[in-house]
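Each chain is listed here by its residues.
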Amino acid sequence: MNSIDISNPPLCPVHCLVREVPDGFADCLREDPVNIDLESARVQHQNYVDLLKRHVDKVTYVPSPEGLPDSVYIEDVAVITGEHALVTRPGAPSRVLETQGIEDALSVFCKVHTTQAPASIDGGDVMRIGNHLLVGLSTRTNEAGFKRLEEIARLDGLTSHAVPIHEGLHLKSAMTALDDKTIIYDAAALSPVKIAGLNLNWIAAPEPLGANVLAFASVTIVSEDAPKTAQLLRDKGHRVEHVKVTELHKGDGALTCLSLRIPAPNAWSV
């Protein structure tokens, strides 16, 4: 197994945008028809926000239009590339209106661009690793969506790479970056792929939910539902903190889905 080089980790974002768990969250899209406890979801989301606040300068709530049960998964509606950001066009028709209010929220930090049909793209399909973006071509993100993001990412000097996704909802359901050369991934969902210009280390997570982590400058945040992954990363020198978001996992969400993370100038964040 490859060892992890943590000499070049992503930095902590300077600001995070989040949305509250909506009243209709129990009606969110999901592959399995499991029951969701709304109040528990809200408590767990608050704990997630509190954890962000311990590491990030500021966390801001973005209002969400009513009647959008998936709106807590705010990552899907925008991709921040640096001085620029792209408001997406979500691939699920029921989620398209979630982009309302996002342009105003992001315009404080960067120049904002939009996505038009027939392009569709979910932020959960976009993983930054150093100066590269890996973009999943999934049921939610199409080739036109990739091309639109590639155009915007180029403005910030980033190189974009399309990665076909054959299983799972999003790219980041199956992998996330630990540093600028290391990816933790779900071996049951995908196999390591060669990316032009990148010499990557791939670390298999012991649990599927361990494939989605938040790697900040000095801490890696892992779902409490992935204890073996947390221990694996501790054994490799990571300082790990965990948070319980079990009810939010039921909506096919993960740690990265619940925030939009704004990096410091000339830095990168996951």
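Shown above is the structure to which this text applies.
These numbers come from a predicted model, not from an experiment.

**Q** Any chance you could break down empty space enclosed by the protein for me, citing the residues and the numbers?
**A** Enumeration over the complete set of coordinates arrives at two cavities of 30 Å³ or more. The computed volume of the largest cavity comes to approximately 190 Å³. As for the largest cavity, its lining consists of 16 residues, and the residues nearest its centre are V79, I80, K172, R261 and V270. Those elements that place two or more of their residues in the lining of the largest cavity are β3 (78–80), β6 (126–129) and β15 (260–262). Of the residues assigned to the lining of the largest cavity, the class counts are nine nonpolar, three polar and four charged. For the second largest cavity, the calculated volume is near 30 Å³. In terms of residue class, the lining of the second largest cavity is made up of four nonpolar, two polar and two charged.

**Q** Mind laying out the pairing of strand β14 (residues 240–243), listing which residues take part and the relevant values?
**A** Strand residues, when the strand is regular, have side chains that alternate between the two faces of the sheet. Direction of pairing for strand β13 (residues 220–223) relative to β14: parallel, over a ladder of four bridges. Bridge pairing links S223 to V243 in β14. Crossover connection from β13 via helix α4 (residues 227–235) to parallel β14: handedness right-handed.

**Q** So what's going on with the sheet that holds strand β7 (residues 132–137)? Residues and values would help.
**A** Pairing between the strands of a sheet comes from backbone hydrogen bonds, and it takes one of two forms, parallel or antiparallel. Within the open sheet, the three strands sit side by side as β6-β7-β8. Their pairing is mixed. Among the strands making up the open sheet, the edge pair consists of β6 and β8 (159–164). Taking the axes of each pair of neighbouring strands and ignoring which way they run, one obtains an average angle of 25 degrees across the sheet. As judged from the four bridges shared by β6 and β7, these two strands associate in the antiparallel manner. For R128, the partnering residue across the bridge sits in β7 and is L133. Strand contacts of helix α3 (residues 143–155): β6, β7 and β8, with the helix running at about 170 degrees to β7, the strand carrying the most contacts.

Scoring rules and cut-offs
- Residues numbered from 1 in each chain as written.
- Predicted model: local features only at pLDDT ≥ 70, side-chain atom pairs only at ≥ 80, totals over all residues.
- Heavy atoms only, no water.
- 1 Å grid on protein atoms, 1.4 Å probe; cavity = no way out; pocket = protein on both sides within 12 Å on 5 of 7 lines; lining within 4 Å.
- Points joined across faces, edges and corners; volume = space filled by probe spheres on them.
- Helix = DSSP H or I, 4+ residues; strand = E, 2+ residues; numbered from the N terminus.
- Nonpolar A, V, L, I, M, F, W, Y, C, P; charged D, E, K, R; others polar.
- Pairing = 2+ DSSP bridges.
- Right-handed = clockwise from strand over helix to strand, strands pointing away.
- Axes fitted to C-alpha atoms, helices over the stretch in contact; angles between N-to-C directions.
- Contact = heavy atoms within 4.5 Å.

Nothing here speaks to function; it is geometry throughout.
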